[in-house]
Amino acid sequence: MSASPLISAADLRELLAGGRPVRILDARYRLGFDDGHEHYLAAHIPGAVFVDLERELSRPGAPSEGRHPLPADEDLAAAARRWGIREGEPVVVYDDSRSLPASRVWWALRRAGLADVRVLDGGLSAWRAAGGELAEGAVVPPEGDIRLGSPGTADVLDTGQVALWTGVLLDARAGERFRGETEPIDPVAGHIPGAWNLPIADVLTDDGRFRSAQEIADAFEMVGAGENIPIAAYCGSGVTAAQLALAGALIGREVTVYPGSWSAWSNTPGLPVATGSMPAEEDDLG
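Procedures and definitions
Residues numbered from 1 in each chain as written. Predicted model: local features only at pLDDT ≥ 70, side-chain atom pairs only at ≥ 80, totals over all residues. Heavy atoms only, no water. Helix = DSSP H or I, 4+ residues; strand = E, 2+ residues; numbered from the N terminus. Buried < 20%, exposed > 50% of the residue type's maximum accessible area, 1.4 Å probe, protein only. Contact = heavy atoms within 4.5 Å. Areas by Shrake-Rupley, 256 points an atom, 1.4 Å probe, with all protein chains shown as cover. Lys, Arg positive; Asp, Glu negative; His and termini not counted. Charge placed at Lys NZ, Arg CZ, Asp CG, Glu CD. UniProt positions renumbered as here; feature names shortened; annotations may be inferred. Axes fitted to C-alpha atoms, helices over the stretch in contact; angles between N-to-C directions. Left-handed = near helix turned anticlockwise from the far one by under 90°. Nonpolar A, V, L, I, M, F, W, Y, C, P; charged D, E, K, R; others polar. Pairing = 2+ DSSP bridges. Polar contact = N/O pair within 3.5 Å; in protein donor to acceptor, adjacent residues only side chain to side chain. Phe/Tyr/Trp six-rings, centres within 6.5 Å; stacked < 30°, edge-to-face > 60°. Core = buried A, V, L, I, M, F, W, Y, C linked by side-chain atoms within 4.5 Å.

The protein chain is annotated in an unreviewed UniProt entry as Thiosulfate/3-mercaptopyruvate sulfurtransferase of Microbacterium resistens.

In structure tokens:
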């Protein structure tokens, strides 16, 4: 497998046809629903193991930690072995939600030191469109032997560190939430003062695939994330921000994620909140 963080449906079919062991992970998840496993059981890529974003890619926490705090390093490592990941075996992860939860899996595993992991570009829809077969029922693999690293608090930002960030801070939420026009989930509407809005939809095509490297680079440039400028990203609860980190990887840019994101910031008393479309126009709500 190449160094790209993405794999096409056609290339995945070819990889599987070649007989090389590949661990496929199904990360289907929708905010506000608990039916990902149900959809997985009904139809999934043959051999795929279900990954539970709420229970395996996050943990319970205080409101000030956000809705999806990172799991403990040892819990993620145990989950990876439970998924059957083995040393030296390539991993491909997909979903049916424009690669949103799959990106969280990719980011978490890469952060823990797993180099050979990719996201299926276009997800399950692309697989179906390419004529890929589907299977039913649960896949329970033998225990894997993968040994993940223990990154702890490295390569992520907490709320205090975000407040002191001197690079470009990107908010991956939709524009209306960033501007503070609406907030359907969190207790306060608006954004972190000084942040720029780069909605994840701006780096994806209408069918949920990632845009070209040049288009993604242009999107980053438009919000001040030019070459050699440190980039951090947040979203509602640390899932879409991981997808922005994947977009950055496609153009060779490192994006540091604030896992607590707006759900943590807005649940921490005393922090300032801004509204408006960009830093030069935002109103500070104190």
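Hey, could you run me through the overall build of the protein chain in this one?
For the protein chain, the count of helices and strands is 11 helices and 11 strands. Seen through its C-alpha atoms, the protein chain measures out along the principal axes to roughly 55 × 40 × 35 Å. Evaluated residue by residue, the protein chain yields a buried proportion of 52% over its 286 residues. Taking the contacts inside the protein chain whose residues are at least 6 apart along the sequence as the reference set, 74% of them involve residues at least 24 apart. When the accessible surface of the protein chain is split by element, carbon and sulfur atoms take 51% of a total near 12500 Å². Computed over 24 positive and 42 negative side-chain charges, the inter-centroid distance for the protein chain is 5 Å.

Before we go on, may I ask you to explain the UniProt feature "domain: Rhodanese" (unreviewed entry) in the protein chain in this structure?
UniProt annotation of "domain: Rhodanese" (unreviewed entry) refers to residues 18-136 and 168-274 when read in the numbering used here. Here residues 18-136 runs as 34% helix and 12% strand, with 23 Å between its end C-alpha atoms.

How should I be thinking about the packing of helix α9 (residues 213-222) against helix α10 (residues 240-250) in this particular structure?
For any two helices packed against each other, the geometry comes down to the angle between their axes and how far apart the axes lie. For the pair α9 and α10, the least separation of the axes is 9 Å and the interaxial angle reads 120°. For α9 against α10, the interelement crossing comes out left-handed. Counted together, Ala-213, Ile-216 and Phe-220 of α9 and Leu-244, Ala-247, Gly-248 and Leu-250 of α10 form the full contact between these two elements. Among the residues forming the contact of α9 with α10, the class breakdown is 6 nonpolar, 1 polar and no charged.

Help me understand the sheet that holds strand β9 (residues 255-257), please; the structure alone is not making it clear to me.
Hydrogen bonds along the backbone pair up the strands of a sheet, which may run parallel or antiparallel. One open sheet accounts for 4 strands, arranged β7-β6-β8-β9; its pairing is parallel. With one partner strand each, in any of the chains shown, β7 (196-197) and β9 form the two edges of the open sheet. Sheet topology note: the strand β8 (residues 231-234)/β9 ladder contains 3 bridges and is parallel. For Ala-232, the partnering residue across the bridge sits in β9 and is Thr-256.

Looking at this structure, how should I read the side chain of His-68?
Summarising the element assignment, His-68 is placed in the loop between α3 (53-56) and α4 (73-82). Polar contacts involving the side chain of His-68 include one to the side chain of Glu-54, which spans 3.3 Å. Apart from the residues within four sequence positions on either side, His-68 is in contact with Tyr-29, Leu-53, Glu-54, Ser-58, Arg-104, Ser-237, Val-239 and Pro-259.

Please clarify how the packing of aromatic side chains should be interpreted in this entry.
Aromatic ring pairs are defined here through the distance separating the ring centres and the angle between the ring planes. Counted according to the given criterion, the structure contains 2 aromatic pairs. Residues Tyr-40 and Phe-50 carry aromatic rings whose centres are separated by 5.5 Å and whose planes lie at 40° to one another, so their mutual orientation is tilted. With Tyr-40 in helix α2 (residues 36-42) and Phe-50 in strand β3 (residues 49-50), this pair connects stretches of sequence that are 10 residues apart. Overall, Tyr-40 belongs to the buried group, its relative accessible area being 1%.

Explain the nonpolar core to me, please; I cannot follow it from the model alone.
In globular proteins that are soluble, nonpolar side chains generally tend to be buried together. Of all hydrophobic cores here, the largest spans 55 residues; its most connected members are Leu-25, Trp-83, Ile-85, Trp-107, Leu-109, Leu-148 and Phe-220. In this structure, Leu-148 is in contact with Leu-76, Ala-77, Ala-80, Leu-109, Ala-112 and Leu-114, ignoring residues within four places of it in sequence.

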